[in-house]
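A look at the structure
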Amino acid sequence: MKRILLTSLGATLVALVGCQQDASDSLTSHQEPWSQSSLAAGAGNTWNHQAQSVGGQNGITDPTQVVLDDQAIGTPDVVARLHGAQKLQYATLGAILADLGVDMTSTTPDSAGDLYATGQGPLGVAVYSSRVPEMIIPSTSALAKEYDVFAAAATEILKSNLATSTRCPGTQLVDSTGAFTSDGISCLIGKPAKPDHLTLANQLVSQAPDTATGQQLAVATLLAAAHTSE
Amino acid sequence: MRRTGLTMLAVALASSAVAVIGCSSGSSSTLGGGTGQNGDNGGGGSGASPAGTATPQPGPGGTPPASESGDGGGADGGNGNAILDARVLDYGEALRTASLKLVGDLPTLAQIQAIASAATPAAQATAYAADIDQMLADPRFTTQMIQYWRDTFKTGSPYSPVAKGSPSYDTAATFAAMVVVDDRPYTDILTASTGTCPTFANGTFTTASCTNGAPTAGVLTDPGIMSQYFEHMAFRRMRFIQETFVCSPFPAEYSATPEPMGQSLYTSPWDFDSIAGGPTAPINFQDTSAVICANCHTTLNHMAPLFGYFDANGKYVAGQMQVQTPVTPAVTSQLSDWLPAGQGFAWRNGTPVTDIPSLAQAIAADPDVATCAVNRIWDWAFSRGDIVNDLATVPTDVTASYVTDFTTGGLKLKAIIREIYTSDDFVRF
């Protein structure tokens, strides 16, 4: 607590003596306490520099930590050549699910469409009015919301069974025996399905209390696993 | 309740599956000893010797084999880093990642199957390169580019209507996307003198010029940008230009001979008194009592007045300053608030300009701007975050060959996007 107080005081002092003009112009007693312009970083204050990117716009909390994290991986050259883990962009998530047969315009409570439409905040949509672009890191809230959407979408995806997919015409996700197909899973995850994908999916069905639940779990799981990041 | 339970279970299962499937990407042989049928080039298990990466593979599109850990021009410095060496060639994963970024959707099953069924890595590379070309020609690429520029410019209005009286916040991103999609020189984004406020609907650009009365210079005079970055003395607009197009924060210039001053060092190459300051100045930019304001403001103040004529809605009012100097009460800024008499405008020390169009030309000619454009594409492709705000800096070696190709190839950003998305680094995970 003491440290926080000292830090705050320090920051205020730095602001006060920083680019000095009439240094007391916006912290004088004639101003309303806590009015916008009374704050050291208030819009009416000389020291209203645009918010510094100490935190980064994508949830990185400390530049020093970024450097340390990178150093733990390798040289800057190495770090730059590695793919990062980016969350699916909001519009992309919608496009993928719509193609898989999910009604993204649904307003039925707890439907995938509803969760998607009302989940813009957790899903990291841009807030351009605050000069914040769409978040790219897969934050806990984004992933949790994404998993909710996938779980809700699974039923609709199974019902449609890829019949309306423009990406995967003529493909079935589940065959007439109730087993997942390799092509169907490839369509779901967007890359070539491996035998293990198929094994895991069908294993989930066989271990579930009933086939429908097992299939839903399998679809939601595959989607969540595949689309945790781009 | 049932849904909640299902969600929890799915999340739990997904977490396991993520660990098992997701992170292993191409090396999912950890699950079953995959042998390359899915584009992982027969890679071994995670952490194993990078099977399939010991031998250089043909480059995309049938190009000659590239170096193992870097593209043709950018090796990893020969440090033999185990992490780079352990990456596995995976065109299936690359196709998915590229598709999500370039067209905003997963690849088609036909594309997935073509990669999976290709007999050799070279054949996979060929199929993959063709897919990239197809994506770059896809109308959805335009939409993705608009979104890319919205996020780069940190402005746009895709989800919410614009308030009455405000300008469109989408025209800058739309114009920048149009420059890329139409294969125009990248510098048009900065210097175009007409048609810089287009709209995009139903897959088509409609060219239009901005109507805010400004001497037009690409997006620099876009009303949405000017409105979005409105602030006292136009400094926020300067920061937009510096960080967006040069990829570094202020201070932007450094002297070879910094001098001790106050509590710190004066590092700018400008004369210290080239900016307003002193006890009678409204803002003492020459203050040294804590930080050295002039380290940044010598650069800032030689440009900012040019942008002081745009009001809060991005309208240009010739001859009449629209920004304020933050004294109490705030007053309309005057040129002398930024610069003492005799000082002119400049992009950098030694690069004088006279107006916004000439400033735009100076910016466009700055080699750092070309490098920045390429590095931003690199970071986008590799999901690395914002190059400034997220400290996602790119070492020179990594993109040097792309920068050369960019500058010698007419500054066509789409060509660089293709190069990066088909690079050896991009297709390895």
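Residues numbered from 1 in each chain as written. Chains lettered and ligands numbered in written order. Predicted model: local features only at pLDDT ≥ 70, side-chain atom pairs only at ≥ 80, totals over all residues.

Further remarks concern the overall build of chain B. Summing up its helical and strand segments, chain B has 17 helices and eight strands in all. Relative to its full complement of 429 residues, chain B shows a buried share of 57%. Sequence-distant contacts in chain B: of pairs separated by 6 or more residues, those separated by 24 or more amount to 60%. (Helix = DSSP H or I, 4+ residues; strand = E, 2+ residues; numbered from the N terminus. Buried ≥ 20, exposed ≤ 12 C-beta atoms within 10 Å, placed from the backbone. Contact = placed C-beta atoms within 7 Å.)

A few words now on the confidence of the model for chain B. All names here are of chain B. When the pLDDT values of chain B are averaged, the result is 84; 81% of them are 70 or greater. Under a pLDDT of 50 for its full length, residues 1–78 has, in the predicted model, 176 contacts with residues more than four places off or in other chains. In the model output, the complex is listed with pTM 0.81 alongside ipTM 0.80. (pLDDT = per-residue confidence, 0-100.)

All names here are of chain B. When cut into domains, chain B gives domain 1 (31–137 + 369–429) and domain 2 (229–364). The interface is formed by six residues belonging to domain 1 together with eight residues belonging to domain 2. Of the residues that constitute the side of domain 1 that touches domain 2, the class distribution is four nonpolar, one polar and one charged. (Domains from an automatic or database assignment. Nonpolar A, V, L, I, M, F, W, Y, C, P; charged D, E, K, R; others polar.)

All names here are of chain A. Tracing the backbone through its elements, the reader meets Gly101 in the loop between helix H4 (90–99) and helix H5 (112–118). Residue classification places Gly101 among the partly exposed positions, given that 18 C-beta atoms sit within 10 Å. Residues Gly101 and Ala163 lie 62 residues apart in sequence; the distance between their C-alpha atoms is 7.7 Å. In this structure Gly101 touches Glu156, Ile157, Ser160, Leu162, Ala163, Thr164 and Ser165, once residues within four positions along its chain are discounted.

Let us look at helix H7 (residues 182–189) of chain A. The element H7(A) is largely enclosed, with a buried count of six among its eight residues. When H7(A) is considered as a whole, its buried residues turn out to be Gly184(A), Ile185(A), Ser186(A), Cys187(A), Leu188(A) and Ile189(A). For H7(A), the secondary structure elements touched by its buried residues are helix H8 (195–207) and helix H9 (211–226) of chain A together with helix H5 (109–117) of chain B.

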